[in-house]
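Single-letter residue listing:
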Amino acid sequence: MLQLSLGPILWFWGKQDVLSFYAEAADWPVDLIYLGETVCSRRREMKLDDWLGLGRELQQCGKQVLLSSQTLIESEADLRGLRKLCSNGEFVVEANDQAALQLVTEAKLPFVTGPALTLYNTATLRILIRQGLQRWSLPVELGRQTLADMLAELRADGLDTPCEVFSWGFLPLAWSSRCFTARHYNLPKDNCQFVCKQHPDGMALRSREAQEVFRLNGISTLSGARYDLLREVPEMQRMGVSVLRLSPEHQGMAAVVARFDQARRGELPPADPLALVEAPPCNGYWYGEPGRVQVRRQDVS
Amino acid sequence: MELVCPAGSLPALKAAVDQGANAVYLGFKDSTNARQFAGLNFDDRRAAEGIDYAHARGARVFCAINTYPQPAGWANWTRAVDRAADLGIDALILADMGLLDYAARRHPDLPRHLSVQGSATSYEALRFYHNHFGIRRAVLPRVLSISQVRDVASHSPVELEVFAFGSLCIMAEGRCYLSSYLTDESPNTRGACSPAKDVRWQETPQGLEARLNGVLIDRFADGEPAGYPTLCKGRFEVEGSVYHAIEEPTSLNTMDLLPELQALGIAAIKIEGRQRSPAYVGQVTSAWRMAIDRLMQNPGQYATDAAWAATLASLSEGGQTTLGAYHRKWK
């Protein structure tokens, strides 16, 4: 059956909040859990040992645990952290940049790749599969047409490396050396006072017409609307997608997981067209449209 | 130190070569390169003419094929690699791993440079590209501070090219999807960011409004300079304040860092701007030629000439320049 994963927490939550989130998640119907800090090296409340300890506990609860690498590697200190992560000896690493790819392939370790790696074609996939790629994520800006083409080409080559699709949450769209949260508070990045901790689901960046455009989260910029492929689950199932990634939020995550669990079992009730949604979601990328667009299923051929 | 200049057209290529560029870089007239602009870039005939012109004057020509092909377009990208090889280009500038692999197998003797779009920000990432695809040179993303560039340079398996002047991308290049979130084109998929086809200008009682596919990017008061609405350089509202929440409209200028870049062993400095006019390219190339020549004549005594700095400032976005991420405080 289609598996559900919890992506790495993209926000800066305190250690206790992280631990209580995963204590609950241990009982949710998710199959895989990605752990680790992927956004900012200054967020250090959870040390590698804490993640490893947490990973062992979640593993005992029947979850498959992976460790996600930092997306933008800039300094020698970042590389030291990355080396420790890759040589953890227990958990498979999700490589989120080419430095991580270098370390895992040099050590001949199996690995998976996250959505920030630019895997746009099958030629690229074949290279990584030869190097030990166990599962790959579709880049967020790609949609069903390219995915279908890639899956068909892989099958034609006799390759069946599983594919994961980012299916729910604010989409990570960009990484910078600049911290936009610190910039908002007029603080230098080196002395940011960890202000992003005050924003457990980021800060909305709106146009001057109050349209939510993006979401700022430290050095990363995310989509202003939540990506939501709940209604596309049957289609992904038919296409042969293996894992649906749900991106953690500090509130309401259990309900999100429950809905996707229903959807993968084919038990999702039809959408109520009159239901009020607090913020309109988006699914444009899946249909080859601008990401922020919400395509209605009935409009789709 | 090689001076690498942009050639969006044959006249720009000639201007760069005439003003002392050691190398120019160009792309074909399609989405295989990251500066796909209407009316710009080269077909095979113009490319051949440009290559002849440059080679006759001792300059090299690089071809950027630095977007990311998807299965449906794969054959266009491999054909672009073959065309560049047939034309006698001096090096390919590539980003996609699949395409790097193709070029390495099909044209093993044609040097491969890793594009800034390859997003390699550390020497471990460079080792990956070097080990697997035999790259000879890499262009570093504009997100590193000068001390981080030093770390990369001291362990890099390949020669390095860094951005010296021009538009400032503040996101790690090759992994920025902001443009395709608002429009249907991104640098990776179509070689375009904030594409002109989606830009609308409108005079309103509140001021001149600049929209990108309907989204208000900025609004300018009377007399305020109105720059192109690149989506990361607009004014937005965050928690009640309206400001350039991501970046100001400004250009990168690292002329003052030239001695440091040379001391780090940087092989080449790159001028951004294939979308710029031949006159712009000529003026910028000339200023950098003089700066590099002065540095080479007297490495210990280098100082940027006030006239060059003024020329560059006058050609900059919003009339402002910044050291960008090279300067730690910018972050």
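Residues numbered from 1 in each chain as written. Chains lettered and ligands numbered in written order. Predicted model: local features only at pLDDT ≥ 70, side-chain atom pairs only at ≥ 80, totals over all residues. Heavy atoms only, no water.

Draft legend 1. A look at the overall build of chain B. Helices and strands together make up the secondary structure of chain B, namely 11 helices and 15 strands. Relative to a compact globule of 331 residues, whose C-alpha radius of gyration would be 20 Å, chain B shows 19 Å and is just as compact. Projected onto its principal axes, the C-alpha positions of chain B cover 60 × 55 × 40 Å. A burial count over chain B gives 63% of its 331 residues as buried. Restricting to contacts in chain B with at least 6 residues of sequence separation, those with at least 24 account for 63%. (Helix = DSSP H or I, 4+ residues; strand = E, 2+ residues; numbered from the N terminus. Rg over C-alpha atoms; globule rule 2.2 N^0.38 Å. Buried < 20%, exposed > 50% of the residue type's maximum accessible area, 1.4 Å probe, protein only. Contact = heavy atoms within 4.5 Å.)

Draft legend 2. Summary view of the interface of chain A and chain B. Between chain A and chain B, the contact holds 71 residues from the first and 68 residues from the second. Taken together, both faces of the contact between chain A and chain B bury some 5900 Å²; the carbon and sulfur share is 55%. In this assembly, chain A and chain B are joined by six salt bridges. Inspection of the chain A/chain B interface yields 40 residue pairs in polar contact (both at pLDDT 80 or more). Residue classes in the side of chain A that touches chain B are distributed as 33 nonpolar, 22 polar and 16 charged. Pairing of strand 8 (residues 203-206) of chain A with strand 11 (residues 236-238) of chain B, which is carried by two bridges, proceeds in the antiparallel orientation. Within strand 11 of chain B, the residue paired with Arg-206 of chain A across the bridge is Glu-237 of chain B. (Buried area = accessible area lost by both parts, 1.4 Å probe. Salt bridge = Lys/Arg side-chain N within 4 Å of Asp/Glu carboxyl O. Polar contact = N/O pair within 3.5 Å; in protein donor to acceptor, adjacent residues only side chain to side chain. Nonpolar A, V, L, I, M, F, W, Y, C, P; charged D, E, K, R; others polar. Pairing = 2+ DSSP bridges.)

Draft legend 3. View of the packing of aromatic side chains. Within this structure, the stated rule accounts for 12 aromatic pairs over all chains. Feature note: the residues Trp-13, Phe-21, Tyr-22 and Trp-28 of chain A constitute an aromatic cluster, connected by ring pairs. Over the ring of Tyr-34 of chain A we find Arg-245 of chain A; its NZ or CZ atom is 4.2 Å from the centre of that ring. Here the guanidinium or amino end of Arg-83 of chain B rests over the ring plane of Phe-28 of chain B, the centre of that ring lying 3.9 Å away. (Phe/Tyr/Trp six-rings, centres within 6.5 Å; stacked < 30°, edge-to-face > 60°. Lys NZ or Arg CZ within 6 Å of the ring centre and 35° of its normal.)

Draft legend 4. Region of interest: the domain arrangement of chain B. Residue and element names in this part refer to chain B. When its domains are assigned, chain B resolves into domain 1 (2-168 + 250-330) and domain 2 (178-243). On the domain 2 side, the residues contacting the 12 residues of domain 1 number seven residues. Taken together, the two surfaces of domain 1 and domain 2 that pack against each other cover about 780 Å², and 36% of this comes from carbon and sulfur. For domain 1, the biggest contributors to the area lost against domain 2 are Ser-31, Gln-36 and Tyr-68; these three give 40% of the whole. Summed over the shared surface of domain 1 and domain 2, the number is zero salt bridges. (Domains from an automatic or database assignment.)

Draft legend 5. Here's a closer look at the sheet that holds strand 9 (residues 207-212) of chain B. Residue and element names in this part refer to chain B. Here three strands make up an open sheet; going across it, the order is 8-9-10 and the pairing antiparallel. At either margin of the open sheet sits one strand with a lone partner, and together these are strand 8 (199-204) and strand 10 (215-220). Strand-to-strand, the axes of this sheet are offset by a mean angle of 25 degrees, without reference to chain direction. (Axes fitted to C-alpha atoms, helices over the stretch in contact; angles between N-to-C directions.)

Draft legend 6. A look at the pairing of strand 4 (residues 92-95) of chain A. Residue and element names in this part refer to chain A. Alignment of strand 3 (residues 64-68) against strand 4, held across three bridges, turns out to be parallel. Looking across to strand 4, one finds that Leu-66 is bridged to Val-92. What joins strand 3 to strand 4 is helix 3 (residues 76-86), and the crossover it makes is right-handed. Two strands pair when backbone bridges link them, and strand 4 and strand 5 (residues 111-113) are joined in this way by three bridges, in the parallel orientation. The residue of strand 5 that forms the bridge with Val-93 is Phe-111. This β-α-β element, strand 4 to helix 4 (residues 98-106) to strand 5, shows right-handed connectivity. (Right-handed = clockwise from strand over helix to strand, strands pointing away.)

Draft legend 7. Quick look at helix 9 (residues 253-264) of chain A. Residues and elements named next belong to chain A. Relative to the 16 Å expected for 12 residues at 1.5 Å per residue, helix 9 spans 17 Å between its end C-alpha atoms, a close match to the ideal helical length. Buried-residue contacts for helix 9 involve strand 1 (3-6), helix 1 (15-25), strand 7 (163-175), strand 10 (220-228), helix 8 (233-239) and strand 11 (243-246). Of the residues trailing helix 9, Gly-266 is marked for its positive phi of about 75 degrees. (Expected span 1.5 Å × (residues − 1).)

Draft legend 8. Focus on the side chain of Arg-264 of chain A. The residue Arg-264 of chain A is located in helix 9 in this model. Among the polar contacts listed, one links the side chain of Arg-264 of chain A to the side chain of Asp-261 of chain A, at a separation of 2.9 Å.

Draft legend 9. Fine view of the nonpolar core. Counting 205 residues, the largest nonpolar core has Tyr-22 and Trp-136 of chain A together with Ile-65 and Trp-288 of chain B as the members making the most contacts within it. If you tally residues by element for this core, the top one is strand 7 of chain A, at nine residues. If you count residues domain by domain, this core takes at least three from each of domain 1 (2-168 + 250-330) and domain 2 (178-243) of chain B. Those residues in contact with Ile-65 of chain B that lie beyond four places of it in its chain are Phe-28, Thr-32, Trp-77, Ala-80, Val-81, Ala-84, Leu-92, Ile-93, Leu-94, Ala-95 and Leu-99 of chain B. In terms of nonpolar packing, the next biggest core, distinct from the first, is built from eight residues, Val-4, Ala-23, Phe-62 and Ala-91 of chain B among them. (Core = buried A, V, L, I, M, F, W, Y, C linked by side-chain atoms within 4.5 Å.)

Draft legend 10. Up close: the pairing of strand 1 (residues 2-6) of chain B. All names here are of chain B. For strand 1, a buried count of five out of five residues is recorded, marking the element as mostly surrounded by other parts of the structure. With burial as the criterion, each face of strand 1 is covered, one bearing Glu-2, Val-4 and Pro-6 and the other bearing Leu-3 and Cys-5. Of the pairings in the sheet, the one linking strand 1 to strand 14 (residues 268-271) comprises three bridges and is parallel in character. Counted as the bridge partner of Glu-2 is Ala-268 from strand 14. Pairing analysis gives three bridges linking strand 1 to strand 2 (residues 23-26), with the strands arranged parallel.

Draft legend 11. Representation of the environment of Gly-169 of chain A. Residue and element names in this part refer to chain A. The residue Gly-169 is located in strand 7 in this model. The exposure class assigned to Gly-169 is buried, which follows from its relative accessible area of 0%. The spatial distance from the C-alpha of Gly-169 to the C-alpha of Cys-282 is 9.7 Å, given a sequence separation of 113 residues. Beyond its immediate stretch of four places on either side in the chain, Gly-169 contacts Ala-225, Arg-226, Tyr-227, Ser-247 and Glu-249.

Draft legend 12. Examining empty space enclosed by the protein more closely. Residues and elements named next belong to chain A. All chains considered together, the criterion is met by five cavities of 30 Å³ or more. Of the volumes computed, that of the largest cavity is approximately 170 Å³. Listing elements by their share of the lining of the largest cavity, those giving two or more residues are strand 7 and strand 10. Among the residues making up the lining of the largest cavity, the classes are represented as nine nonpolar, seven polar and two charged. Of the pockets and cavities examined, the second largest cavity occupies roughly 110 Å³. (1 Å grid on protein atoms, 1.4 Å probe; cavity = no way out; pocket = protein on both sides within 12 Å on 5 of 7 lines; lining within 4 Å. Points joined across faces, edges and corners; volume = space filled by probe spheres on them.)

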